[in-house]
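Residues per chain are reported as follows:
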Number of protein chains: 2
Amino acid sequence: MREVAVLGIGQTKVEEHWDKSLRILAGEAVLAALQDAGIPGVEGIFVGNMMSGSANHQQHLGALIADWVGLRYTEAVRIEAACSSWASALLAGLMAIGSGEVESVVVVGVEKMTDSPSNEITAQLVTAADADLEGGLGLSFVALNALIMQRYLHEYHWSHADFAAFSINAHANAVHNPFARFRKPIDLQAYTSAAMICDPINLLDATPIADGAAAIVISRNPGVSAHRPVRVIGSAAATDTISIQNRKDPIWLSAAEKSTQIAYRQSGIQPKDIGVFEYHDAFSIMAALSLEAAGFCPRGQGPRLANEGKLKYDGEIPVATLGGLKARGHPVGATGLYQLCEVTQQLRGQAGPTQISRPYYGMAQNIGGSGSNIITHILEAE
Amino acid sequence: MREVAVLGIGQTKVEEHWDKSLRILAGEAVLAALQDAGIPGVEGIFVGNMMSGSANHQQHLGALIADWVGLRYTEAVRIEAACSSWASALLAGLMAIGSGEVESVVVVGVEKMTDSPSNEITAQLVTAADADLEGGLGLSFVALNALIMQRYLHEYHWSHADFAAFSINAHANAVHNPFARFRKPIDLQAYTSAAMICDPINLLDATPIADGAAAIVISRNPGVSAHRPVRVIGSAAATDTISIQNRKDPIWLSAAEKSTQIAYRQSGIQPKDIGVFEYHDAFSIMAALSLEAAGFCPRGQGPRLANEGKLKYDGEIPVATLGGLKARGHPVGATGLYQLCEVTQQLRGQAGPTQISRPYYGMAQNIGGSGSNIITHILEAE
């Protein structure tokens, strides 16, 4: 991989942004990232977004946002890969730089989900799954994850309460993140008594719909930055069957295993070298499966790591260090860019009270659908 | 630009495909392109599509189609840039190869527009324009083009009938293309008496909604092909303001001018070297504006080329040689890949009765929105 530096990051708070349109939200993140990068402009804009066509009656976000932030006549495209849209956009941006066609690009993820009634958004979210084999049968996206979690509890003999530690950790870390949606801690009692959504997934296993935008500026040129330099040293995507029913093993994320293995190989590092892992905890079951597929523990042992306290920001494998999808929030097409901004904050030493102690290698992993498209990025600090 | 070869092409007929789902349609094109390329597989799939989320209740087409054609564990993304989605997907594919990360990829464009009632599709199409400044005011996409055409007729003193030659030429060429939707010729009388849609655009100025898929396989490795080798030597994108009202000159395609200039420079050729120009004649006014912005005639003189017969397949500047958007059809996210397949057919000498006489350089140009994102590719035959 050609060496690519992260020059700037920009985030908006994750919440219900009733007062801001899609372009304003995205523009705020882009301009913040450009300012943080300290460069006047870029040669391309890559937009990650899942559902603006249906949720906001606006497609063509590449041209829309390029126009809004004054980047006319550049290359501008939108990339959609469901919840992994942002990461695919980053990958495309990296490849554009790698090809030598451009020097610097901005990658922005934006999603505005609260404009639509929640039943409509639920119907739109399941378009990330197989419309013929899953969505068309009436399965919601939560229901698909509930089926996976049911099977996992059955196979590995965990109880639902064993998953509490994932959500408790995420909320504890979000308290200190000004961009997070839920800045309040939760405890075991709150977790076990939360309202059931789709058995066994309850309200505190899942992340809610939200609005938000995040952006990064990446470049072939390391630039002159006031920040500790951060580079992208691994970037890999892999797909699996789109429907769960076609998978040989529905409680194993093959695409995550494949994409992390490639990213480790590109980076020349191993799981034990990772100082922070921003995983895709849209549901607590996905937190467990991600840890296993990325090689941090044996199959079926994800909840053990959480219950032993190893996932805390000062533990062995810090995850969701600024709140994760669970508590920072999950505006789907933007989520992965929040993850990458957060990994960059950690590697730069700008993460505040939940700063990790080994800020050399960070990994962000984004899951599209129920595990059908998984993209892994590894960053290194000098 | 790193040298990239076109190894294979695949197309389905453009029509109302009531009997085929999105994945089946896309799969047919992908498998045809792989077979034409004579290679067993590729390392990535890039999907161009505009509106599957709203029109087909299915997003996440990268994973969906990769799964369907048996390309699991590859990179798979969908790119949306309205009517220029496909071309953006090709550009991303070229960059992926250029970056050295992959050797061969398949790029597929697919759109299935006839599943929805036509009033819904009309509403979905205008999401390519500015939702706040255009679509939200009740302007349809045809209406936006009608405003541009009105202004053009006024400024340059052409009559509506002067645009007939564009549509007549497109229909004449489509007669011989088995993948074209309208394989019947039209004459001046039919054109001038066609039903008005939005003054001055009538039924024979515009392309209708349609279903279709087309694919190409591109590679760093020229391979061992039975076909005359074809290479991509130019690929450039440029954006303009998304809304027409913000443009300094609404009857000049600045983004087309910019992207063709870059593509000519990359290729080291000039307009006079182009043997075939597959332009984006979604509306006849766009045919005229494209010819002008790409440097084939002075400003305001596009209709003259058509009326002098220079645009015929055996003329000076062959366009729409297999029917163009007007008569081959315009399944929006797939259109540009049809264009590229057709340019490849011409350069290989496989275009049938409308084969051009100078098969060395071909250009395809795709317009997103009303000119807000324009992508130009130049191909060369050995």
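See the structure above.
Residues numbered from 1 in each chain as written. Chains lettered and ligands numbered in written order. Predicted model: local features only at pLDDT ≥ 70, side-chain atom pairs only at ≥ 80, totals over all residues. Heavy atoms only, no water.

(A) Spotlight on the interface of chain A and chain B. Across the boundary between the two partners, chain A contributes 57 residues, which contact 57 residues of chain B. Between chain A and chain B, a total of about 4,400 Å² is buried, with carbon and sulfur atoms accounting for 53% of that surface. A salt bridge links Asp132 of chain B to Arg23 of chain A; the shortest N-O distance between them is 3.1 Å. Counting across the interface, chain A meets chain B through twelve residue pairs in polar contact (both at pLDDT 80 or more). Mapped onto the side of chain A that touches chain B, the elements with two or more residues apiece are α3 (61-68), β3 (75-80), α4 (85-98), β8 (230-239) and α9 (254-267) of chain A. With six residues, β3 of chain A is the largest single contributor of residues to the side of chain A that touches chain B. Here the residues of the side of chain A that touches chain B sort into 24 nonpolar, 22 polar and eleven charged. (Contact = heavy atoms within 4.5 Å. Buried area = accessible area lost by both parts, 1.4 Å probe. Salt bridge = Lys/Arg side-chain N within 4 Å of Asp/Glu carboxyl O. Polar contact = N/O pair within 3.5 Å; in protein donor to acceptor, adjacent residues only side chain to side chain. Helix = DSSP H or I, 4+ residues; strand = E, 2+ residues; numbered from the N terminus. Nonpolar A, V, L, I, M, F, W, Y, C, P; charged D, E, K, R; others polar.)

(B) Quick peek at the relation of the copies chain A and chain B. With an axial shift of 0.0 Å and an RMSD of 0.0 Å, the rotation relating chain A to chain B amounts to 180°. The superposition of one copy onto the other is thereby described by a two-fold rotation axis. The share of interface residues of chain A whose copies in chain B are also at the interface is 100%, consistent with both copies meeting through the same surface. (Least-squares fit on C-alpha atoms with pLDDT ≥ 70 in both.)

(C) View of the side chain of Asn202 of chain A. Residues and elements named next belong to chain A. Position of Asn202 among the secondary structure elements: in strand β6 (residues 201-202). We classify Asn202 as buried; its relative accessible area is 1%. One polar contact links the side chain of Asn202 to the main-chain carbonyl oxygen of Tyr191, over a distance of 2.9 Å. If sequence neighbours within four positions are ignored, Asn202 has contacts with His160, Tyr191, Ala194, Ala195, Met196 and Ile197. (Buried < 20%, exposed > 50% of the residue type's maximum accessible area, 1.4 Å probe, protein only.)

(D) A look at the nonpolar core. Core analysis: the largest hydrophobic core is formed by 70 residues, its most contacted members being Phe163, Phe166, Phe277, Tyr279, Leu291, Phe296 and Leu311 of chain A. Apart from the residues within four sequence positions on either side, Phe296 of chain A is in contact with Tyr264, Pro271, Ile274, Phe277, Leu291, Leu305, Ile317 and Met363 of chain A. Counting residues in hydrophobic clusters, the runner-up holds 69 residues, among them Ala129, Ile148, Ala180 and Tyr279 of chain B. (Core = buried A, V, L, I, M, F, W, Y, C linked by side-chain atoms within 4.5 Å.)

(E) Examining helix α5 (residues 118-125) of chain B more closely. Residues and elements named next belong to chain B. Buried residues of α5: Ile121, Gln124 and Leu125, and no others. When α5 is viewed along its axis, its buried side chains cluster within an angular range of 100° and face the same direction. On its buried side, α5 packs onto α2 (52-55), α6 (141-156) and α13 (332-348). (Arc of directions from axis to C-beta.)

(F) Fine view of the packing of helix α1 (residues 22-37) of chain A against α3 of chain A. All names here are of chain A. Close contact between α1 and α3 brings their axes to 9 Å; oriented N to C, the two are set at 65°. As α1 packs across α3, the resulting crossing turns out to be right-handed. Every residue of α3 that contacts α1 at Leu22, Arg23, Ile24, Ala26, Gly27 and Val30 is listed here: Leu61, Leu64, Ile65 and Trp68. Its residues assigned to classes, the contact of α1 with α3 comprises eight nonpolar, one polar and one charged. (Axes fitted to C-alpha atoms, helices over the stretch in contact; angles between N-to-C directions. Left-handed = near helix turned anticlockwise from the far one by under 90°.)

(G) Quick look at helix α10 (residues 284-293) of chain B. Residue and element names in this part refer to chain B. Summarising burial for α10: ten of the ten residues are buried, a large majority. Looking only at α10, the buried set comprises Ser284, Ile285, Met286, Ala287, Ala288, Leu289, Ser290, Leu291, Glu292 and Ala293. Note on α10: the residue one or two positions beyond its end, Gly295, has a positive phi of about 90°.

(H) Geometry of the pairing of strand β10 (residues 361-368) of chain A. Residue and element names in this part refer to chain A. Summarising burial for β10: seven of the eight residues are buried, a large majority. Two elements, strand β9 (residues 276-278) and β10, share three bridges in a ladder whose sense is parallel. In the strand pairing of β10, Phe277 is matched with Met363. With eight bridges connecting them, β10 and strand β11 (residues 373-381) associate as antiparallel partners. Bridged to Met363 within β11 is Ile378. Counting the residues between successive antiparallel strands, the hairpin from β10 to β11 contains four residues, one of them, Gly369, with a positive phi of roughly 65°. (Pairing = 2+ DSSP bridges.)

(I) Structural detail: the pattern of salt bridges. By the definition in use, this model includes 28 salt bridges over all chains. Residue Asp273 of chain A pairs with Lys272 of chain A through a salt bridge whose shortest N-O separation is 3.4 Å. When salt bridges with common partners are traced through the structure, they connect Arg23 of chain A together with Asp130 and Asp132 of chain B into a single cluster.

Such coordinate-based values are descriptive only and should not be taken to indicate function.
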